[in-house]
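So you can see what is in the structure, the chains are spelled out below.
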Amino acid sequence: MSILRDSLRDIVVVGSGIAGLTACDTLRAEGFDGRITVIGDEAVAPYSRPALSKAMLRDEDDLTSHLLPEATHGAIERRGIAAVGLDVDRQRVRLADGDEVPYDALIISTGTRARRLTPGSRSDEYTVRTLADALALRARLASRPSVVVVGGGPLGMEIASGAIGAGCATTLVAKGTPLAAHLGALLAARFHDAAVAQGLKIVATDSAKLVMRDGASVVALGDGTVIEAQVIVSAVGDAPNVEWLATTGLLTGGALVVDRRGLVRPNIAAVGDVAAFPHAGRVARVPLWTSAIDQAKVAAAALLRLDAPELAFQQYFWTEAFGISLKAIGPTPVAGEAEIVEGTGEQGLLRWRQADGRATAVALDYRVPIPKLRRVTTCSV
Ligand SMILES: Cc1cc2nc3c(=O)[nH]c(=O)nc-3n(C[C@H](O)[C@H](O)[C@H](O)COP(=O)(O)OP(=O)(O)OC[C@H]3O[C@@H](n4cnc5c(N)ncnc54)[C@H](O)[C@@H]3O)c2cc1C
């Protein structure tokens, strides 16, 4: 029997990315027929952020890859305005224009922003977090400038792949082998080899910063090497958008920590990239698309039903770069040898069994053969 919290009539969602959108849809699916108000500081409807560093940079004419189906939740949508404060006692969200929006329950889904090599916003340092960012970089790449990308994670590799695809002489600056920290040595080597074969120059460094030289920014590495390029893109991680909550008492050491059902308080949930949640023996943010969706579903239900289930978190991640498509279910990075579950050396399903008993399945579509694989016939991830 579900125990409904019937007193809720007004739910406010701050942040209109995929987590906010999913929360709204879930509230309706759970039968909530009260008022939902969504506050988002971007002027556009929610869109697919993963597309920004993939098809958006790669496809010549397609500017639709980021579009999501039109919302059907019937919420009041206040776009292009930021929440700048929150009064937990009076249950009100304060907006940049001075307006206050009251709530019975609140869902915080303000996501993250791109970290930068230099503090503050610098016009000649590109990042890719928003649609506006991606459109600006796409337009700049069209004139085939030389490019340096700083950051060897999935985002850095996807951007470098887009730059190479656009015909730009491109250098990637990374700590160690790109993607190794995210995927493990074997899978990272496949992306590395494909990238180098397609003309990417990879420079390993312990540190990188932007410095001014002759009126333009250059990338200065730890060993004193300087890399010049017409376009500098940083892909050096993200920072949660929690500043507007600074005086609320909701933050723990600067982090927005939720329980296993996504709640910070009985009537306040936090979901998506902004929220740190308990999983796999730790409390951490997992800034991934399906993580945001899964968190939002659980937390929206938890606001409405006291008996709503906890999050059963299963990591799912995908990336596309240099002609390789990878989809991974389960924890990464993976270490040691893989088993081929299905397919050939060119594409297929691989599996790693972790020391703690968990397994990771990886679907790979790649052009270069993967060595050191052991063939098996079943998979039960
Ligand atoms: C370029 C790129 C590629 C990615 N690729 C992948 C991928 O391949 N696979 C994968 O799993 N994940 C990928 N991700 C991560 C994935 O996109 C995120 O995990 C997901 O979008 C998080 O959704 P969210 O709703 O929590 O946050 P966001 O999408 O960041 O949405 C938060 C929204 O809240 C707004 N906001 C912030 N502060 C305020 C405020 N004070 N008031 C009002 N509104 C505010 C923000 O502007 C934003 O619109 C990628 C991310 C990026 C940037």
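Since this is a predicted model, take the numbers as computed values, not measurements.

Undergrad: Hey, could you run me through the overall build of the protein chain in this one?
TA: For the protein chain, the count of helices and strands is seven helices and 28 strands. Here the C-alpha atoms of the protein chain give a radius of gyration of 22 Å, agreeing with the 21 Å that 2.2 N^0.38 yields for 381 residues. On the principal axes, the C-alpha backbone points of the protein chain span a range of 60 × 60 × 40 Å. Sorting the 381 residues of the protein chain into buried and exposed places 51% on the buried side. A separation of at least 24 residues holds for 62% of the contacts in the protein chain among residues at least 6 apart in sequence. As presented, the protein chain carries roughly 17,400 Å² of accessible surface, and 51% of it is formed by carbon and sulfur atoms.

Undergrad: Would you mind showing me how to read the nonpolar core here?
TA: Nonpolar side chains tend to gather and get buried jointly when the protein is soluble and globular. By size, the foremost hydrophobic cluster in this structure holds 72 residues, and its most contacted members are Val-93, Ile-108 and Leu-187. At six residues, helix H6 (residues 185-197) tops the list of elements feeding residues into this core. Each of domain 1 (10-113 + 238-304) and domain 2 (127-233) accounts for three or more of the residues forming this core. When residues no more than four places from it in sequence are discounted, the contact partners of Val-93 are Val-12, Val-14, Ile-39, Ala-83, Gly-85, Leu-86, Asp-99, Glu-100, Val-101, Tyr-103, Leu-106 and Trp-244.

Undergrad: Is there a simple way to explain helix H3 (residues 131-141) in this structure?
TA: Every α-helix winds through 3.6 residues per turn, so residues three or four apart in the chain are directed the same way. The set of residues buried in H3 consists of Leu-131, Asp-133, Ala-134, Leu-137, Arg-138 and Leu-141. Along the long axis of H3, the arc covered by the buried residues comes to 155°, so they all point the same way. Across from the buried face of H3, at angles greater than 90 degrees, the exposed residues are Ala-132 and Ala-139. Of the surrounding secondary structure, the elements contacted by the buried residues of H3 are helix H2 (55-58), strand S9 (125-126), strand S10 (147-150), helix H4 (154-165) and strand S16 (231-234).

Undergrad: How should I be thinking about the side chain of Asp-238 in this particular structure?
TA: Tracing the chain through its elements places Asp-238 in strand S17 (residues 238-240). Taking relative accessible area as the criterion, Asp-238 reaches 15% and is therefore assigned buried. Side-chain polar atoms of Asp-238 contact the side chain of Arg-285, separated by 3.0 Å. Those residues within four positions of Asp-238 in sequence are excluded, and the remaining contacts are Thr-112, Arg-113, Arg-115, Arg-129, Asp-273, Arg-285 and Pro-287.

Undergrad: Before we go on, may I ask you to explain the environment of Asp-33 in this structure?
TA: Following the sequence through the fold, Asp-33 ends up in the loop between helix H1 (18-29) and strand S2 (35-40). Exposure remark for Asp-33: the relative accessible area of 59% places this residue in the exposed category. Along the sequence, Asp-33 and Gly-74 sit 41 residues apart, while their C-alpha atoms lie 9.7 Å from each other. Once you skip the residues sitting within four places of it in the chain, Asp-33 turns out to touch Arg-9 and Arg-28.

Undergrad: I'm lost on the pattern of salt bridges in this one. Help?
TA: A side chain with one charge may pair with a side chain of the opposite charge, provided their charged atoms come close. Scanning all chains against the criterion turns up 21 salt bridges. Here Glu-30 ties to Arg-305 by a salt bridge, and the two come within 2.8 Å at their closest N and O atoms. Linking Glu-30 in the loop between H1 and S2 with Arg-305 in the loop between helix H7 (289-304) and strand S23 (316-321), this pair joins segments that are 275 residues apart in sequence. Using a relative accessible area of 29% as the deciding quantity, one classes Glu-30 as partly exposed. For Glu-339, the salt bridge goes to Arg-353, with nearest N and O atoms at 3.9 Å. Taken together, the residues span a long stretch of sequence, with Glu-339 in strand S25 (residues 338-343) and Arg-353 in strand S26 (residues 347-353) at a distance of 14 residues. For Glu-339, a relative accessible area of 8% gives the class buried.

Undergrad: How should the site of the ligand be read in this particular structure?
TA: In the vicinity of the ligand there are 33 residues, among which Asp-41, Glu-42, Arg-49, Lys-54 and Arg-129 approach most closely. Contact distances for the ligand include 2.4 Å between an oxygen atom and a side-chain N or O atom of Asp-41. Within the contact set of the ligand, an oxygen atom lies 3.0 Å away from a backbone nitrogen or oxygen of Trp-289. Coverage of the ligand by the protein amounts to 94% of the 1,000 Å² it exposes when considered alone.

Undergrad: Just to check I follow, could you spell out H7 for this structure?
TA: Helix length check: H7, at 16 residues, gives a terminal C-alpha distance of 23 Å against a target of 22 Å (1.5 Å per residue), a fit within 8%. Taking burial as the measure, the 16 residues of H7 include 14 buried ones, the bulk of the element.

About the cut-offs
- Residues numbered from 1 in each chain as written.
- Predicted model: local features only at pLDDT ≥ 70, side-chain atom pairs only at ≥ 80, totals over all residues.
- Heavy atoms only, no water.
- Helix = DSSP H or I, 4+ residues; strand = E, 2+ residues; numbered from the N terminus.
- Rg over C-alpha atoms; globule rule 2.2 N^0.38 Å.
- Buried < 20%, exposed > 50% of the residue type's maximum accessible area, 1.4 Å probe, protein only.
- Contact = heavy atoms within 4.5 Å.
- Areas by Shrake-Rupley, 256 points an atom, 1.4 Å probe, with all protein chains shown as cover.
- Core = buried A, V, L, I, M, F, W, Y, C linked by side-chain atoms within 4.5 Å.
- Domains from an automatic or database assignment.
- Arc of directions from axis to C-beta.
- Polar contact = N/O pair within 3.5 Å; in protein donor to acceptor, adjacent residues only side chain to side chain.
- Salt bridge = Lys/Arg side-chain N within 4 Å of Asp/Glu carboxyl O.
- Near = heavy atom within 4 Å.
- Expected span 1.5 Å × (residues − 1).

Such coordinate-based values are descriptive only and should not be taken to indicate function.
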